[in-house]
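# A look at the structure
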Amino acid sequence: MILSNTKMKKRIAYVSGTRADFGLMIPILKAIEKSKLLSIKLYVTGEHLMPELGMTINNVKKYFSKVIVIDAVSKQNDKIGTAKFNADFFKKMIEELNISRPDLMLVLGDRQEMLMVSVACLYLGIPIAHIHGGERTGTVDGVARHTITKIASIHFPATKDAALRIKKMGEEDWRINIVGAPALDTILNNKLPSRKELADKFGINPKENFILILEHPVSEDIENAGRQMEVIIEAVKRFNIPTVIIYPHADAGGKKIIEVIEKEKSNRLFKIFPSLEYKTFLALEREASFWVVNSSAALIESSSFKIPVVNIGNRQMGRQRGNNVLDVDYDSEKIYKAIDKSLNDKKYLSKLKKIKNPWGDGRASSRIIKILEKLEITPKLLNKQINY
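Residues numbered from 1 in each chain as written. Predicted model: local features only at pLDDT ≥ 70, side-chain atom pairs only at ≥ 80, totals over all residues. Heavy atoms only, no water.

## Focus on the packing of helix 9 (residues 225-237) against helix 14 (residues 332-344)
- Interhelical geometry of helix 9 versus helix 14 gives an angle of 45 degrees and a closest axis separation of 8 Å. Looking at the two axes, helix 9 sits oblique to helix 14. For the pair helix 9 and helix 14, the sense of crossing is right-handed. On helix 14, the residues that touch Val231, Ile232, Glu234, Ala235 and Val236 of helix 9 are Ser332, Ile335, Tyr336 and Ile339.
- Tallied by class, residues from the contact of helix 9 with helix 14 come to 7 nonpolar, 1 polar and 1 charged. (Axes fitted to C-alpha atoms, helices over the stretch in contact; angles between N-to-C directions. Helix = DSSP H or I, 4+ residues; strand = E, 2+ residues; numbered from the N terminus. Parallel < 35°, antiparallel > 145°, perpendicular 65-115°, else oblique. Left-handed = near helix turned anticlockwise from the far one by under 90°. Contact = heavy atoms within 4.5 Å. Nonpolar A, V, L, I, M, F, W, Y, C, P; charged D, E, K, R; others polar.)

## Observations regarding empty space enclosed by the protein
- Overall, the coordinates contain 3 cavities of 30 Å³ or more when judged by the stated rule.
- Approximately 50 Å³ is the volume attributed to the largest cavity.
- If you trace the largest cavity, you find it lined by Gly46, Glu47, Met50, Ser74, Phe85, Arg111, Gln112, Glu113, Ala250 and Asp251.
- When grouped by side-chain class, the residues that make up the lining of the largest cavity number 3 nonpolar, 3 polar and 4 charged.
- Taken as a whole, the second largest cavity encloses approximately 40 Å³ of empty space.
- Taken together, Arg195, Leu198, Ala199, Ile204, Asn205, Pro206, Phe210 and Glu287 form the lining of the second largest cavity.
- With 3 residues, helix 8 (residues 195-202) is the single largest residue contributor to the lining of the second largest cavity. (1 Å grid on protein atoms, 1.4 Å probe; cavity = no way out; pocket = protein on both sides within 12 Å on 5 of 7 lines; lining within 4 Å. Points joined across faces, edges and corners; volume = space filled by probe spheres on them.)

## Brief notes about the nonpolar core
- Membership of the largest hydrophobic core comes to 90 residues, with the highest contact counts inside it found for Phe89, Leu97, Met105, Leu106, Phe156 and Trp291.
- Apart from residues lying up to four places away in sequence, Leu97 is in contact with Tyr43, Pro102, Met105, Ala120, Cys121, Leu124 and Ile126.
- Val231, Ile245, Ala250 and Val260 belong to the second-largest nonpolar core, a separate cluster that totals 35 residues. (Core = buried A, V, L, I, M, F, W, Y, C linked by side-chain atoms within 4.5 Å. Buried < 20%, exposed > 50% of the residue type's maximum accessible area, 1.4 Å probe, protein only.)

## Some remarks on helix 1 (residues 19-34)
- End to end, helix 1 covers 22 Å across 16 residues, agreeing with the expected 22 Å (1.5 Å per residue, within 8%).
- Along helix 1, the residues classified as buried are Arg19, Asp21, Phe22, Gly23, Leu24, Met25, Ile26, Pro27, Ile28, Leu29 and Ile32. (Expected span 1.5 Å × (residues − 1).)

## Digging into helix 3 (residues 79-100)
- Here helix 3 spans 31 Å end to end across 22 residues, near enough to the 32 Å set by a 1.5 Å rise per residue.
- Taken together, the buried positions of helix 3 are Gly81, Thr82, Phe85, Asn86, Phe89, Met93, Glu96, Leu97 and Ser100. When helix 3 is viewed along its axis, its buried side chains cluster within an angular range of 125 degrees and face the same direction.
- Elements in contact with the buried residues of helix 3: strand 1 (10-16), strand 2 (38-44), strand 3 (68-69), strand 4 (104-108) and helix 4 (112-124).
- Among the residues trailing helix 3, Arg101 stands out with phi positive, at a value near 45 degrees. (Arc of directions from axis to C-beta.)

## Structural notes on the sheet that holds strand 9 (residues 270-273)
- If you walk across this open sheet you meet the 6 strands as 9-8-7-10-11-12, and the pairing is parallel. A strand with exactly one partner marks an edge of an open sheet, and here the two such strands are strand 9 and strand 12 (325-328). On average, adjacent strands in this sheet sit at an angle of 20 degrees to one another, irrespective of strand direction.
- Taken together, the 4 bridges between strand 7 (residues 211-214) and strand 8 (residues 243-246) define a ladder with parallel strand orientation. Directly across from Leu214, in strand 8, lies its bridge partner Ile246.
- Contacting strand 7, strand 8, strand 9, strand 10 (290-293) and strand 11 (309-312), helix 9 runs over the sheet at an angle of about 175 degrees to strand 7. (Pairing = 2+ DSSP bridges.)

## Details of the layout of surface pockets
- Its volume calculated, the largest pocket comes out at about 950 Å³.
- Along the walls of the largest pocket sit 42 residues, with Asp110, Arg111, Asp141, His249 and Arg315 positioned nearest its centre.
- Sorting the residues of the lining of the largest pocket by element identifies helix 1, helix 3, helix 4, helix 5 (139-151), helix 11 (278-287) and helix 12 (296-300) as the ones contributing at least two each.
- Sorting elements by how many residues they give to the lining of the largest pocket places helix 5 first, with 5 residues.
- Looking at the lining of the largest pocket residue by residue, the classes come out as 17 nonpolar, 14 polar and 11 charged.
- Considered as a void within the structure, the second largest pocket measures approximately 210 Å³ in volume.
- In terms of lining residues, the second largest pocket is bounded by 15 residues, among which Thr56, Asn59, Ser275, Leu276 and Glu277 are the most central.
- Put simply, the parts of the chain that give the lining of the second largest pocket at least two residues each are helix 1 and helix 2 (57-63).
- In the lining of the second largest pocket, the residues fall into 5 nonpolar, 7 polar and 3 charged.

## Here we look at the side chain of Ser275
- If you trace the backbone, Ser275 turns up in the loop between strand 9 and helix 11.
- What makes Ser275 buried here is its relative accessible area of 17%.
- If we skip the residues at most four places from it in the chain, Ser275 touches Arg19, Leu53, Thr56 and Ile246.

Okay, here's the thing in structure tokens:
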């Protein structure tokens, strides 16, 4: 890693498009804000500006009073709508970055907003540091993630496996820094709401089991998104257990999932939310008897809580996970059997008490900050060569 002796604050930027990416980035953004050598400029766009998904910009402002809005939202819940959102956001982001010119842009994961930001920075000559690169997943998200990796100047993979994939993509060793998953910084180092607080907030008996459901649409199968949610609910209802369901992201097919969820509004056992504050969501993850999901949280965060997870479909196919994850297809009977195992298989549940999270140790943000503080912003960052 190149070092710098400069005392000037480096201007770091980050663009958040969803409640999920913002929650994951809070410890890193706060650490940048506290640094004597770095400053943060935070942009919000997309889902944060949509009232139907909780208008989560208000939650962002609870943590950071100064945010810059990039006024772009998804107006059609299909593939052409996704493409149009990307085009609109891309144009507005270029105009903003051409004026503000940060020294470095942080990007996270594989979402469309991150890809558009990366392409904009590539052609504006702004170096990128990519968090959570090198991971295997299914769907278009995996393609977007690896594209960002090839654009990025600095890599912050969470695991050794991810770092090795980045190296195999031809990235130079000095650019690659294994840091762990930022989510674990909050899980392991912050106080989360208690079970009683959750029970009071959501009207759940603290002595009862409850289920957590978070289902996102699969980009290659949006036509079946609604039916896939129906299959999940069919299986869950057979257990007659209180259930917390959170809306999906505003991706193509998401509205079909929401329509199915809304049919359960009168079900006394179902608690339905467009969005939740990140620490509240983590506390629900911790206290749930098990999760039924296709979210990355299931694979990255769940083993820290030693909670059983029923992971459905191919959205997270190939992603590293702990031994607490049961993979099933969109089949009501298979989902039912996986849930039954997660509730009643004492031998399986006993084994989960001993699992370790392969995604880190809760110190990702401190590692990232040390590297950013020492990083010298020179043309070498942008002058990339394939290392084979």
